[in-house]
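Inside the fold
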Amino acid sequence: MNASELTTEEWERYARQVGPGVLSREGQTRLKNSAALVTRVGGMGGPASLCLAMAGVGRVIIAHGGSLISPDLNRQVLGCEGVVGEPRAPHFGEYLRSMNRFAEIEAIDHEPSDEEAAELARRVDVILSCPPGFEERMRLNRAAVESGTPLIDAAQWGMSGTLIVVDPGRTACLECLYPEPPPFDEMFPVVGGISSAIGAFAALEATKILSGNGQPMYGKMWVIDSFADQNTVVELQRRPDCPCCKNC
Ligand SMILES: [Zn+2]
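Everything in this summary refers to the structure shown in the same document. (Residues numbered from 1 in each chain as written. Predicted model: local features only at pLDDT ≥ 70, side-chain atom pairs only at ≥ 80, totals over all residues. Heavy atoms only, no water.)

Comments concerning the side chain of Thr29
Within the secondary structure layout, Thr29 lies in helix H2 (residues 25-32). One polar contact links the side chain of Thr29 to the main-chain carbonyl oxygen of Arg25, over a distance of 2.8 Å. If we ignore the near neighbours within four places in the chain, the residues touching Thr29 are Ser4, Glu5, Leu6 and Trp11. (Helix = DSSP H or I, 4+ residues; strand = E, 2+ residues; numbered from the N terminus. Polar contact = N/O pair within 3.5 Å; in protein donor to acceptor, adjacent residues only side chain to side chain. Contact = heavy atoms within 4.5 Å.)

Quick look at the structure:
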């Protein structure tokens, strides 16, 4: 790959995040030359994609079907009153472009099918899985494992959330952890603060993975139960008989 160098304007933009204890110049250059897939871009994926675009990830691909509805606006930070009733993806993509002209934004107006997820996984360097339902989360997990692309799985409920970071073939995948999908209610309760917190931490993990700076949280699940004020980090073990990752 011929790596693109950053312009003087870009170095000025990222001046606060390049230096000791943050990103190296090589790390920032790696970000510019990398691609991330974020699906969906609601409560968690919205702030995640915003952080990645603002951090200087060269290409951010977002995918989310449907139109914005009023109850989304307690947490979907890429939305606004004027977009209620409109399809999310084009508006959210435009907002991300308005926040960083140096980042390329690709907006897909639906949730990827099995084939699309597999194709997208091969085009990117990291996947941020932020859908509410397990069917989509498992689809993205399969695409990540098959392509060897690192996966960050974000989930939320109420004032709680979880973050799982998968290095396919080396650490536990989502299916190792959840052999059977748990019950799911489309209109589950959620408070915007936890959505943005989980999304921002997902972006931070992606930034470390893409830049090569810092220590990614591979093989762990971070459980944030803000309602009960309890935070736990669980070391995950691979299941040798996991149908998804046993052969990789
Ligand atoms: Zn597995």
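A word on the nonpolar core
Counting residues in hydrophobic clusters, the biggest one holds 41 residues, and the most contacted among them are Val38, Leu52, Val60, Val126, Leu128, Ile152 and Leu163. Ranked by residues supplied to this core, first place goes to helix H8 (residues 192-211) with 7 residues. Setting aside residues up to four positions removed in sequence, Leu52 forms contacts with Ala36, Val38, Val57, Val60, Leu128, Ala203, Ala206 and Thr207. Counting 28 residues, the second-largest nonpolar core is a separate cluster that includes Phe134, Leu140, Ala144 and Leu174. (Core = buried A, V, L, I, M, F, W, Y, C linked by side-chain atoms within 4.5 Å. Buried < 20%, exposed > 50% of the residue type's maximum accessible area, 1.4 Å probe, protein only.)

Re the coordination of the zinc ion
Summarising the metal site, the zinc ion is bound by the protein donors Cys173 (SG), Cys176 (SG), Cys242 (SG) and Cys245 (SG), whose distances to it range over 2.3 to 2.4 Å. One chain supplies every donor to the zinc ion, and in sequence these donors are spaced C-x2-C-x65-C-x2-C. Here Cys242 lies in the segment after strand S8 (230-235) and Cys173 lies in the loop between strand S6 (160-166) and helix H7 (174-177), a separation of 69 residues in the sequence. Residue Cys173 is classed as buried on the basis of its relative accessible area of 2%. On the accessibility criterion, Cys242 (0% relative accessible area) is buried. (Donors = N, O, S within 2.8 Å, 3.2 Å for Na, K, Ca; no water.)

Quick notes on the packing of aromatic side chains
The tally for this structure, following the rule as stated, stands at 3 aromatic pairs. On the numbers, 4.9 Å between centres and 80° between planes, the contact of Phe134 with Tyr178 is edge-to-face. Within this pair, whereas Phe134 is found in helix H6 (residues 134-147), its partner Tyr178 is found in the loop between H7 and H8, the two being separated by 44 residues in sequence. Assessed through its relative accessible area of 10%, Phe134 is described here as buried. Look at Phe184 and Phe188: their rings are 6.1 Å apart centre to centre, the planes differ by 50°, and that puts the pair in the tilted class. Phe188 sits in the buried class, given a relative accessible area of 16%. In this arrangement the basic side chain of Arg25 is found over the ring face of Trp11, its NZ or CZ atom lying 3.9 Å from the centre. (Phe/Tyr/Trp six-rings, centres within 6.5 Å; stacked < 30°, edge-to-face > 60°. Lys NZ or Arg CZ within 6 Å of the ring centre and 35° of its normal.)

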